[in-house]
Amino acid sequence: MSPRLLSMAEVTEKIYALLEPLLDGTDIFIVNIKVKPVNNIKVYLDADTGFSIDKCTAVNRKLYAQIDVEQMFPDGDFSLEVSSPGVDEPLLQLRQYKKNIGRTVTVTDNDDTEKTGILKEVTDEHILLEIKGKKTKDTMILAEVPFSNIKKTVVQVIF
């Protein structure tokens, strides 16, 4: 009898379960895991002190070996990609918000209104943005935005 194929939700749960012990004791955290029907697993990680290529490679090798040992896919028919989220990806985790304090972000509210400013503070309930006033450029406005009103937040890359 051949092993039962796992659903994408089951694969995602299993990957979380395998990954969490590998990250224990490090500053690396899970941002997101996506599984495509062709057994392509994409793991997005970040770290409080930056997610280097060395950290990425180490996690990839350990996780790949764990998936292989668990025999989650018949004949080893899967691919694994481990990376940090791209610079244009929205922030998803509280730790990502905290890591980006002091950076310029654009926040889209649930009503699709955008605010761009410097992320000054992050609590469990809200973020605090410092926004330039419209009338005079020297005026700064502090805007408290509850997480419940945030559709997405994207860090702005400033050159």
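Refer to the structure printed above.
Everything in this summary refers to the structure shown in the same document.

Let's talk about helix α2 (residues 53–70)
Thinking step 1. Between its first and last C-alpha, α2 extends 26 Å over 18 residues, near the 26 Å set by a 1.5 Å rise per residue.
Thinking step 2. Within α2 the residues assigned to the buried category are C56, V59, L63 and I67. Looking straight down α2, one finds that the buried residues subtend no more than 70 degrees of arc, so they occupy a single side. Pointing more than 90 degrees away from the buried face of α2 are the exposed residues D54, R61 and V69.
Thinking step 3. For α2, the secondary structure elements touched by its buried residues are α1 (8–23), β1 (28–36), β2 (40–47) and β3 (79–83).
Thinking step 4. Of the residues one or two after α2, Q71 is the one with positive phi, at around 50 degrees.

Here we look at the nonpolar core
Thinking step 1. Counting 23 residues, the largest nonpolar core has I15, L19, I41, V43, L45 and I67 as the members making the most contacts within it.
Thinking step 2. Taken together, the elements giving at least two residues each to this core come down to α1, β1, β2, α2 and β3.
Thinking step 3. The element that contributes the greatest number of residues to this core is α1, accounting for five residues.
Thinking step 4. If we ignore the near neighbours within four places in the chain, the residues touching I67 are I15, L18, I41, M72, F73, F78 and L80.
Thinking step 5. Among the nonpolar cores identified, the runner-up in size contains 13 residues, and V105, V145, I150 and V155 belong to it.

Brief notes about the packing of aromatic side chains
Thinking step 1. Here the structure, examined in full by the defined rule, presents three aromatic pairs.
Thinking step 2. For the ring pair F73 and F78, a centre distance of 5.2 Å and an interplane angle of 25 degrees mean the geometry is stacked.
Thinking step 3. The buried category is assigned to F73, whose relative accessible area is 8%.
Thinking step 4. Classification of F78 by relative accessible area gives buried; the value is 12%.
Thinking step 5. For the pair Y97 and F147, a centre-to-centre distance of 5.0 Å together with 85 degrees between the ring planes defines the contact as edge-to-face. One end of the pair, Y97, is in helix α3 (residues 94–99); the other, F147, is in the loop between β7 (140–146) and β8 (150–155), and 50 residues separate them in sequence.
Thinking step 6. A relative accessible area of 21% places F147 in the partly exposed class.
Thinking step 7. Three or more aromatic residues joined by ring pairs make a cluster, and in this case those are Y64, F73 and F78.

Looking at a nonpolar patch on the surface
Thinking step 1. There is a patch of nonpolar side chains on the surface, built from V87, V157 and F159 and spanning about 410 Å² of accessible area.
Thinking step 2. Looking at where V87 falls in the secondary structure, it is placed in the loop between β3 and α3.
Thinking step 3. V87 gets classed as exposed once you look at its relative accessible area, which sits at 63%.

Observations concerning the sheet that holds strand β5 (residues 114–122)
Thinking step 1. As summarised here, the arrangement of the five strands in space is β7-β6-β5-β4-β8, forming an open sheet in which the pairing is antiparallel. Across the chains shown, the open sheet's two edge strands, defined by having one partner strand only, are β7 and β8. Going across the sheet, the axis of each strand differs from the next one's by a mean of 40 degrees, ignoring polarity.

So, the pattern of salt bridges
Thinking step 1. All told, the structure shown has seven salt bridges when counted by the stated rule.
Thinking step 2. Ionic pairing is found between E81 and K42, a salt bridge with its closest N-O pair at 3.9 Å. Placement of the pair is E81 in strand β3 and K42 in strand β2, with a sequence separation of 39 residues.
Thinking step 3. By relative accessible area, E81 is classed as partly exposed at 38%.
Thinking step 4. Among the ionic pairs, K151 bridges to D112, the shortest N-O distance being 2.6 Å. With K151 in strand β8 and D112 in the loop between β4 (104–109) and β5, the pair connects residues that are 39 residues apart, well separated along the chain.

Rules of the game
- Residues numbered from 1 in each chain as written.
- Predicted model: local features only at pLDDT ≥ 70, side-chain atom pairs only at ≥ 80, totals over all residues.
- Heavy atoms only, no water.
- Helix = DSSP H or I, 4+ residues; strand = E, 2+ residues; numbered from the N terminus.
- Expected span 1.5 Å × (residues − 1).
- Buried < 20%, exposed > 50% of the residue type's maximum accessible area, 1.4 Å probe, protein only.
- Arc of directions from axis to C-beta.
- Contact = heavy atoms within 4.5 Å.
- Core = buried A, V, L, I, M, F, W, Y, C linked by side-chain atoms within 4.5 Å.
- Phe/Tyr/Trp six-rings, centres within 6.5 Å; stacked < 30°, edge-to-face > 60°.
- Patch = residues over 30% accessible without salt bridge, like charges linked within 9 Å, V, L, I, M, F, W, Y side chains within 5 Å.
- Areas by Shrake-Rupley, 256 points an atom, 1.4 Å probe, with all protein chains shown as cover.
- Salt bridge = Lys/Arg side-chain N within 4 Å of Asp/Glu carboxyl O.
- Pairing = 2+ DSSP bridges.
- Axes fitted to C-alpha atoms, helices over the stretch in contact; angles between N-to-C directions.

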